[in-house]
Amino acid sequence: MKMKKAWNKLGKKEKKHLAYTEDMELKSDYKKLETNLEENLKNIQDTLGHSADLVVRIFKIGSMSGRNAAAIFINGLVDKEHVGNFIIDKIMNDNSKLKSSTAGTLFTGIKEQIITVAEVEETQEWKKTIQAVVSGKTILLLDGWDQAMICPLIGGASRAISEPSSEQTIRGPQESFVESLQTNVSLVRRRIKSANLWVESVTIGDITETEVAVMHLEGIANEKVLIELKERLQKVEVDELIGTNTIEEWIRDGPRSVWPTIYNTQRPDVVMGELMEGRIAVLVDGTPNTLILPATFIEFFQTAEDYYMHWSIASFLRILRLVGIASTLLFPSLYIAFLSFHPDLIPTPLLISLTAQRQEVPFPLFIEVLLLELTFEFLREAGLRMPKQVGQAVSIVGALILGEAAVSAGIVASASVIIVAATAIASFTISNHSMIDAVRILRFIIIILASSLGLYGIGLGFIVLIAHMNSLRSFGVPYLSPFAPLIFRDLKDTFIRVSKPSMSTRPRLISQKKVSKAGNTDKLGPPSGRKGGMKENDFQRDPNEN
């Protein structure tokens, strides 16, 4: 009905142009290449609007055939040196193999004997030819033949592999994904040298036609999750795909929930670890971010560095992060609840000190804390949007100057500044930005409940919050697993991380096909059951050994 009304509002010229455009697009789906080279080149230039970056190089095939050929590519997306060395130079100068006058024979001879490109594809379809050009591939056309040769000589400027900006480690590898899909896939391939690592490609975006790669370990990943992911990707209908967030919003469970149900990372080693557990990775061309699914709540508090240090230290730091998220949610709300509704629960000397600080403050406690929280959010957002060197100075100097000036002017109490500052510091212990954003929003909701009902409001908020989290699923996997449902053997990598030899199984709800890992804890310790380990004689060289 809406489409019909919109069509009726169009004028005669607009309707005619729209009908002509749709007719041309329909015809282009079935259009074939012509045998005349000049006509093919003219159609390509007209289709691409005679773009300034379109390069058309016409040259002679050898010196015996007398036929023309053309190499077409877009400048900046193709390595021009490779086009000249591996295609044009070979065809122009190799006279001994290009004596036939038949166009079809010449085309086959060029493909099989002349050009030294690793991957070559033939096509007669007009739409596929145009798509290859705009995708950064080189097209070779031959006069008198109605087929094109597609040669992927992709080049141009690209960002080098560098350290991850948001997931840094001290002991782990210092590599991050880049904006090239081929490079990102190769970074994972270098770490998992297995034939079971399967990569499937799909194109999303009616206009951008962005390539998306789905990676999984066959025999380990859950086939039901893989099938569900493919079905959801097929339902993505967008004109442009500018990043992973577009896909995430289309395929995620609980689209109205603030909790992230798909994990996001820039580290190849993290993707490797997730694939080994049975999860699936989704890589998008043009962005360094990779989606990992299914995801659970506890996964967002695990970092790559947890697996590069001793298990006891990693467990301590993981518990510290969980305390950090609890502090981020509760510090301001508990401060409001105790001081406004339950002052009898505060020790008398501390209560006297807090009350004395607030004697000259003109605002209620809720407004005071809310203003401080919003001021800090303004400073954090300004620091992120400004240049890196200036942003850090604005965040630090702004917080110090504004905080001290507000206390001196009697607008806020010093205790309130301490509480908000401690909350901000605690939020930085969370490594995943999606989880940080969710906690930032929920903190304001808990503050409102605390200012209305005190501790009862906080308790009510947490009951609703946990019930909501328990209802969430990530591709069929409960969001709070392995706590709800409780799976004891999967608790070894949650609040604490046990030693590597003890982690002999994969998460049961993630990898339902091959749960057990290689390894046997009976083989740990000194050989032959000795309690003292290696002895001095074990290092002596055999005199008969050459």
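So, here's what we can say about the structure.

Conventions adopted
- Residues numbered from 1 in each chain as written.
- Predicted model: local features only at pLDDT ≥ 70, side-chain atom pairs only at ≥ 80, totals over all residues.
- Heavy atoms only, no water.
- Helix = DSSP H or I, 4+ residues; strand = E, 2+ residues; numbered from the N terminus.
- Buried < 20%, exposed > 50% of the residue type's maximum accessible area, 1.4 Å probe, protein only.
- Contact = heavy atoms within 4.5 Å.
- Areas by Shrake-Rupley, 256 points an atom, 1.4 Å probe, with all protein chains shown as cover.
- Polar contact = N/O pair within 3.5 Å; in protein donor to acceptor, adjacent residues only side chain to side chain.
- Pairing = 2+ DSSP bridges.
- Axes fitted to C-alpha atoms, helices over the stretch in contact; angles between N-to-C directions.
- Salt bridge = Lys/Arg side-chain N within 4 Å of Asp/Glu carboxyl O.
- Parallel < 35°, antiparallel > 145°, perpendicular 65-115°, else oblique.
- Left-handed = near helix turned anticlockwise from the far one by under 90°.
- Core = buried A, V, L, I, M, F, W, Y, C linked by side-chain atoms within 4.5 Å.
- Domains from an automatic or database assignment.
- Phe/Tyr/Trp six-rings, centres within 6.5 Å; stacked < 30°, edge-to-face > 60°.
- Lys NZ or Arg CZ within 6 Å of the ring centre and 35° of its normal.

1. Looking at the overall build of the protein
Reasoning step 1: For the protein, the count of helices and strands is 17 helices and twelve strands.
Reasoning step 2: In the protein, which comprises 546 residues, the share counted as buried stands at 42%.
Reasoning step 3: If you take every contact in the protein between residues at least 6 apart in sequence, the share linking residues at least 24 apart comes to 65%.
Reasoning step 4: Surface accessibility of the protein: about 30,100 Å² in total, with carbon and sulfur atoms responsible for 58%.

2. Things to note about the side chain of Glu-373
Reasoning step 1: Here Glu-373 shows up in helix 13 (residues 365–385).
Reasoning step 2: Only 3.1 Å separates the side chain of Glu-373 from the side chain of Arg-443, close enough to count as a polar contact.
Reasoning step 3: What Glu-373 contacts, discounting residues up to four positions off in sequence, is Pro-332, Val-420, Thr-423, Arg-443, Phe-444 and Ile-447.

3. Digging into the sheet that holds strand 6 (residues 197–204)
Picture the strands of a sheet paired through backbone hydrogen bonds; they go either parallel or antiparallel.
Reasoning step 1: Taken together, five strands build an open sheet; the order of strands is 6-7-9-10-8 and the sheet is antiparallel. Each having just a single partner strand, strand 6 and strand 8 (263–265) make up the two edges of the open sheet. Across the sheet, the axes of successive neighbouring strands diverge by a mean angle of 25 degrees, strand direction being ignored.
Reasoning step 2: Sheet topology places strand 6 next to strand 7 (residues 210–217); eight bridges connect them, and they run antiparallel.

4. Re the pattern of salt bridges
Reasoning step 1: Scanning the entire structure with this criterion turns up 21 salt bridges.
Reasoning step 2: One salt bridge connects Arg-232 with Asp-253, and the closest N-O pair in it is separated by 3.1 Å. In this pair, Arg-232 sits in helix 8 (residues 223–234) while Asp-253 sits in the loop between helix 9 (244–251) and strand 8, placing the two residues 21 residues apart along the sequence.
Reasoning step 3: Given the relative accessible area of 17%, Arg-232 is considered buried.
Reasoning step 4: Residue Asp-253 is classed as buried on the basis of its relative accessible area of 15%.
Reasoning step 5: Two residues, Arg-279 and Glu-274, come together in a salt bridge whose shortest N-O distance is 3.0 Å.
Reasoning step 6: Look at Arg-279 and you get buried, because its relative accessible area is 5%.
Reasoning step 7: Given the relative accessible area of 9%, Glu-274 is considered buried.
Reasoning step 8: The network of salt bridges with shared partners includes Glu-373, Glu-377, Arg-380, Asp-437, Arg-440 and Arg-443.

5. Here's the deal with the packing of helix 16 (residues 433–453) against helix 17 (residues 455–471)
Reasoning step 1: Relative orientation of the contacting elements helix 16 and helix 17 amounts to 140 degrees, with a least axis distance of 6 Å. In terms of orientation, helix 16 and helix 17 fall into the oblique class. For the pair helix 16 and helix 17, the crossing hand works out as right-handed. Together, Leu-442, Ile-446, Leu-449, Ala-450 and Leu-453 of helix 16 and Leu-455, Tyr-456, Gly-457, Ile-458, Gly-461 and Leu-465 of helix 17 make up the contact between the two elements.

6. A few points about the nonpolar core
Reasoning step 1: Within the largest apolar cluster, 39 residues are counted, with the highest numbers of intra-cluster contacts made by Trp-259, Phe-297 and Met-435.
Reasoning step 2: The leading source of residues in this core is helix 16, at five residues.
Reasoning step 3: Here this core gathers at least three residues from each of two domains, domain 2 (181–295) and domain 3 (310–474).
Reasoning step 4: Those residues in contact with Met-435 that sit more than four places away from it in its chain are Trp-259, Pro-260, Phe-297, Phe-300, Phe-301, Ile-325, Ile-430 and Tyr-479.
Reasoning step 5: Within the second largest apolar cluster, 21 residues are counted, among which are Phe-59, Ala-71, Val-83 and Leu-142.

7. Side note on helix 9
Reasoning step 1: For helix 9, every residue scored as buried is listed here: Thr-244, Thr-246, Ile-247, Glu-248 and Ile-251.
Reasoning step 2: The secondary structure elements touched by the buried residues of helix 9 are strand 6, strand 7, helix 8, strand 8, strand 9 (280–284) and strand 10 (290–293).

8. Some words on the sheet that holds strand 5 (residues 148–151)
Reasoning step 1: Pairing is antiparallel across the open sheet formed by five strands, whose spatial order is 1-2-4-5-3. Either end of the sheet is taken by a strand with one partner, and the two such strands are strand 1 (54–60) and strand 3 (121–123). The sheet shows a mean angle of 25 degrees between the axes of neighbouring strands, taken without regard to direction.
Reasoning step 2: Looking at chain direction, strand 4 (residues 138–142) and strand 5 are connected through four bridges and run antiparallel. Looking at the pairing, Ile-139 lines up with Ile-150 of strand 5.
Reasoning step 3: Where helix 4 (residues 80–93) meets the sheet, its contacts fall on strand 1, strand 2 (68–74), strand 4 and strand 5, and the angle it forms with strand 1 comes to roughly 20 degrees.

9. Considering the pairing of strand 10
Reasoning step 1: On strand 10, burial covers both faces: Thr-290 and Ile-292 on one face and Leu-291 and Leu-293 on the other are all buried.
Reasoning step 2: Judged from the three bridges that link them, strand 8 and strand 10 form a sheet pairing that is antiparallel. Bridge pairing links Thr-265 to Thr-290 in strand 10.
Reasoning step 3: The pairing of strand 9 with strand 10 spans four bridges and is antiparallel. Residue pairing for strand 10: Ala-281 is matched across the bridge by Ile-292.
Reasoning step 4: Joining the antiparallel neighbours strand 9 and strand 10 is a turn of five residues, in which Gly-286 adopts a positive phi near 100 degrees.

10. What about the packing of aromatic side chains?
Think of a pair of aromatic rings as described by two things: how far the centres are apart, and how the planes are tilted against each other in angle.
Reasoning step 1: Evaluation of the coordinates by the stated rule reveals six aromatic pairs.
Reasoning step 2: Ring centres 6.2 Å apart and planes at 35 degrees place the aromatic pair Phe-107 and Trp-145 in the tilted group. You can see Phe-107 sitting in helix 5 (residues 103–114) and its partner Trp-145 sitting in the loop between strand 4 and strand 5, a full 38 residues away along the chain.
Reasoning step 3: Judged by relative accessible area, which is 3%, Phe-107 ranks as buried.
Reasoning step 4: We classify Trp-145 as partly exposed; its relative accessible area is 28%.
Reasoning step 5: Taking the centre distance of 5.3 Å and the plane angle of 55 degrees together, the rings of Tyr-263 and Phe-300 count as tilted. With Tyr-263 in strand 8 and Phe-300 in the loop between strand 10 and helix 11 (311–340), this pair connects stretches of sequence that are 37 residues apart.
Reasoning step 6: An aromatic cluster of at least three residues, connected via ring pairs, comprises Trp-259, Phe-297, Phe-301 and Tyr-479.
Reasoning step 7: Between the NZ or CZ atom of Arg-232 and the centre of the ring of Phe-475, over which it lies, the distance is 4.1 Å.
Reasoning step 8: A cation over a ring is seen here: Arg-443 above Phe-444, with NZ or CZ 5.7 Å from the ring centre.

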